[in-house]
Amino acid sequence: LRNKHYHAYFKKWLMTLPPQAIILEVGAGCGDDLLELANAGKQQSKNFHLIASDISLESLKLTAKKFFRALPAGEQPLYLVADGQHLPFADNSLDAIFMVACLHHFENPVAAVAEFARVLKADGQLIFAMEPSWWMMFSTKLFAGFNRLRIHQGASAADESHYGYFKKDFFALSKKDFTVIKIKRVWILQGFVHYALEACYRVFKLKKRLKLPRRIEYFILFLDEILLKLPLINLFNWHWIVILKKK
């Protein structure tokens, strides 16, 4: 629930796009968000044109398998192996770009944002979802010497070395080409719960990850939404969701 709620939050912005909108996911990974967007668009007769992009061919192969099991051949997205800083699209050709926990992997995020601005239409949406905060990355480094307890385990150099984002960083990245529509803080208590459960899974070598009862998850989510509105306390959010509109 703690992930699904916030993934649904950023996808609701994409659902405001008109029918036949062209939407690119950069760093599509396993493709879960794009598949949910395809199904939601179909239910609302929006029939989006979706593009799954990733720098890894192997990741896209896994994404394609998932889509082929879930959707008819005529409803498949376009699969694209590409570097997000050099997209093979014409200027002003896309209606939206979104990415989940991906921006911090770019070696040059300024260049990446400029490339996104190039290919987006005027008023096009750019969404950064679940980007790490300074607090999350600080917490990561606390466990750098304990392999089992490290939040990230060497899957990416950025996960090991990035310092995370402050709110001001998103304004600095976007001010030239984009208007900030919404910057939402994500997780306070849920962050501690998430990584405590993950620590139990790793330390005790459990066969399955632990899950809280749904009612408890809803209660923690409710508390978090209150805490995230309180000055000073809300500085310790774990993630960010950023909604931008091209000028």
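What counts and what doesn't
- Residues numbered from 1 in each chain as written.
- Predicted model: local features only at pLDDT ≥ 70, side-chain atom pairs only at ≥ 80, totals over all residues.
- Heavy atoms only, no water.
- Patch = residues over 30% accessible without salt bridge, like charges linked within 9 Å, V, L, I, M, F, W, Y side chains within 5 Å.
- Areas by Shrake-Rupley, 256 points an atom, 1.4 Å probe, with all protein chains shown as cover.
- Salt bridge = Lys/Arg side-chain N within 4 Å of Asp/Glu carboxyl O.
- Helix = DSSP H or I, 4+ residues; strand = E, 2+ residues; numbered from the N terminus.
- 1 Å grid on protein atoms, 1.4 Å probe; cavity = no way out; pocket = protein on both sides within 12 Å on 5 of 7 lines; lining within 4 Å.
- Points joined across faces, edges and corners; volume = space filled by probe spheres on them.
- Nonpolar A, V, L, I, M, F, W, Y, C, P; charged D, E, K, R; others polar.
- Pairing = 2+ DSSP bridges.
- Axes fitted to C-alpha atoms, helices over the stretch in contact; angles between N-to-C directions.
- Contact = heavy atoms within 4.5 Å.
- Expected span 1.5 Å × (residues − 1).
- Buried < 20%, exposed > 50% of the residue type's maximum accessible area, 1.4 Å probe, protein only.
- Arc of directions from axis to C-beta.

Chemist: Just checking my understanding: could you explain a nonpolar patch on the surface for this structure?
Modeler: Together, Phe219, Phe222, Ile226, Leu230 and Ile233 give the surface a local cluster of nonpolar side chains, amounting to about 470 Å² of exposed area. Along the polypeptide, Phe219 turns up in helix H9 (residues 214–227).

Chemist: Quick question: what am I supposed to make of the layout of surface pockets here?
Modeler: Which parts of space are left empty comes out when a probe the size of a water molecule is rolled across the atoms. Its volume calculated, the second largest pocket comes out at about 240 Å³. Within the residue set of the lining of the second largest pocket, elements represented by two or more residues are helix H2 (32–43) and strand E2 (49–54). In terms of residue count, H2 provides more of the lining of the second largest pocket than any other element does, three residues in total. Split into classes, the residues belonging to the lining of the second largest pocket amount to five nonpolar, five polar and two charged.

Chemist: What's the story with the sheet that holds strand E3 (residues 78–81) in this structure? I'm lost.
Modeler: By way of backbone hydrogen bonds, the strands of a sheet pair with one another, either parallel or antiparallel. Taking strand neighbours across the sheet as the criterion, the seven strands line up as E3-E2-E1-E4-E5-E7-E6 in an open arrangement whose pairing is mixed. Two strands bound the open sheet, and with one partner strand each, they are E3 and strand E6 (178–186). Strand-to-strand twist across the sheet, computed as the mean angle between neighbouring axes with direction ignored, equals 15 degrees. One ladder, built from five bridges, connects strand E1 (residues 22–26) with E2; its direction is parallel. If you follow Leu24 over to E2, its bridge partner there is Ile51. Running at roughly 160 degrees to E6, helix H7 (residues 167–174) makes contact with strand E5 (120–132), E6 and strand E7 (239–246) of the sheet.

Chemist: Please explain the side chain of His194 as it appears in this structure.
Modeler: Residue position: His194 is located in helix H8 (residues 189–203). With residues near it in sequence (within four places) discarded, His194 still touches Arg2, Asn3 and Trp187.

Chemist: Would you mind going over H8 with me for this structure?
Modeler: Residues that lie three or four places apart on an α-helix share one face, since the helix turns once every 3.6 residues. Given a rise of 1.5 Å per residue, 15 residues ought to cover 21 Å, and the 21 Å separating the end C-alpha atoms of H8 matches this to within 8%. Those residues of H8 that sit buried are Gln190, Gly191, His194, Tyr195, Leu197, Glu198 and Arg202. Down the axis, H8 shows its buried residues gathered within 155 degrees of arc, on one side only. Taken together, the buried residues of H8 touch helix H1 (4–14), helix H5 (134–142), H9 and E7. Within two residues after H8, Lys205 carries a phi angle of roughly 50 degrees, on the positive side.

Chemist: When you look at the environment of Ile23 in this model, what are you seeing that I'm missing?
Modeler: By secondary structure assignment, the location of Ile23 is in strand E1. In this structure Ile23 comes out as buried when scored by relative accessible area, which is 0%. Measuring from C-alpha to C-alpha, the distance between Ile23 and Ile51 comes to 6.2 Å, with 28 residues separating the pair along the chain. If near-sequence neighbours (up to four positions away) are discounted, Ile23 is found in contact with Leu14, Leu17, Leu37, Phe48, His49, Leu50, Ile51, Ala96 and Phe98.

Don't take any of this as a statement about function, it's just geometry.
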